[in-house]
Amino acid sequence: MNIQLMSCTAKDIEALYAFEIENRLYFEQSIPSRGDAYYLPETFKERHAALLQEQQDGSSFFYLIKDEVGTILGRINLVDRNQIEKTAQLGYRIGQIHAGKGIAKEAVRLLLEQCREHDIDEVQAKTTDANIASQKILAHNGFEPIDKKEEAVLDGQRIQLMHYSWRR
């Protein structure tokens, strides 16, 4: 499957909202919930506008992962950009029906190609110790594990987060 990364725009809001609603339960199995309010149409619209402002300011870059016909397969982002240190944090999510097809691996590769354009030399990422698929995606794309311990809570359970770094 050929995929493309498209910068997120205001025109994407309806399709993106549908994508998030459709995949909410799936995503919440592996990451903390964004809360019920996030999924209210007005709140979603406000949050989307705020993200677009971050993109306009250059502090974050938000992309939709789309197929050849423009269907949203997932999202991938560079956030918390530090212009002095030239770093950013990677985040991505693939819709449930598209998981396990190599889409995330290719999307991460494509996103890393954008780092020169965004003046980013280091990308940091983290995943749970149980998310083997994400660990493989990061390793395949040249991310190195960092010896940093972090705990989080997911569904009332303590989980370990693994940190990674990629440098161009």
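Residues numbered from 1 in each chain as written. Predicted model: local features only at pLDDT ≥ 70, side-chain atom pairs only at ≥ 80, totals over all residues. Heavy atoms only, no water.

(A) Inspection of helix H2 (residues 41-57) at higher detail. Helix length check: H2, at 17 residues, gives a terminal C-alpha distance of 24 Å against a target of 24 Å (1.5 Å per residue), a fit within 8%. On its buried face, H2 sits against strand S1 (4-7), helix H1 (13-27) and strand S2 (61-66). Among the residues trailing H2, Gly58 stands out with phi positive, at a value near 85°. (Helix = DSSP H or I, 4+ residues; strand = E, 2+ residues; numbered from the N terminus. Expected span 1.5 Å × (residues − 1). Contact = heavy atoms within 4.5 Å.)

(B) Focus on the packing of aromatic side chains. Applying the stated criterion across every chain yields a total of five aromatic pairs. Ring geometry for Phe19 against Phe27: centres 5.8 Å apart, planes inclined by 55°, an arrangement best described as tilted. For the pair Phe19 and Phe27, a shared accessibility class is recorded, and that class is buried. A centroid spacing of 4.9 Å and a plane angle of 85° characterise the contact between Tyr38 and Tyr39, whose relative ring orientation is edge-to-face. The exposure class of Tyr38 is buried, given its relative accessible area of 5%. A network of ring pairs unites the aromatic residues Tyr17, Tyr38, Tyr39 and Phe44 as a single cluster. (Phe/Tyr/Trp six-rings, centres within 6.5 Å; stacked < 30°, edge-to-face > 60°. Buried < 20%, exposed > 50% of the residue type's maximum accessible area, 1.4 Å probe, protein only.)

(C) Spatial organisation of the environment of His48. Structurally, His48 is set in helix H2. Taking the relative accessible area as the measure of exposure, His48 reaches 5% and is therefore buried. Here the alpha-carbon distance between His48 and Cys8, two residues 40 residues apart in the chain, equals 9.3 Å. The contacts of His48, once residues within four sequence positions are left out, are Cys8, Thr9, Ala10, Ile13 and Leu16.

(D) Geometry of the environment of Lys126. Within the secondary structure, Lys126 sits in strand S5 (residues 122-128). When its relative accessible area of 44% is taken as the criterion, Lys126 is described as partly exposed. For the pair Lys126 and Ser165, spaced 39 residues apart in sequence, the C-alpha separation works out to 8.7 Å. Apart from the residues within four sequence positions on either side, Lys126 is in contact with Glu150, Leu161, Met162 and His163. At a separation of 3.4 Å, a polar atom in the side chain of Lys126 contacts the side chain of Glu150. (Polar contact = N/O pair within 3.5 Å; in protein donor to acceptor, adjacent residues only side chain to side chain.)

(E) View of the environment of Phe27. One can find Phe27 in helix H1. Sequence spacing of Phe27 and Arg47 is 20 residues, and the spatial spacing of their C-alpha atoms is 18 Å. Residue contacts for Phe27: discarding those within four places in its chain leaves Phe19, Glu20, Arg93, Ile94 and Gly95.

(F) Up close: the pairing of S5. Burial of S5 is extensive: five of the seven residues sit out of reach of the surface. Where strand S4 (residues 87-94) lies against S5, three bridges are found, and the strand directions are parallel. Pairing of Thr87 across the sheet is with Glu122, part of S5. Since S4 and S5 lie parallel, the crossover through helix H3 (residues 103-113) that links them has a hand, and here it is right-handed. (Pairing = 2+ DSSP bridges. Right-handed = clockwise from strand over helix to strand, strands pointing away.)

(G) Broad picture of the sheet that holds S1. Spatially, S1-S2-S3-S4-S5-S7-S6 is the arrangement adopted by the seven strands of the open sheet, whose pairing is mixed. Taken across any chain shown, the strands that pair with only one partner, and hence form the sheet edges, are S1 and strand S6 (144-154). Taking each pair of neighbouring strands and ignoring which way they run, the sheet shows an average axis angle of 30°. Bridge count for S2 against strand S3 (residues 72-82) is six bridges, and the pairing is antiparallel. Residue pairing in the sheet places Tyr63 in a bridge with Ile76 of S3. Most of the contacts of H1 go to S3, to which it runs at about 90°, and overall it touches S2, S3 and S4. (Axes fitted to C-alpha atoms, helices over the stretch in contact; angles between N-to-C directions.)

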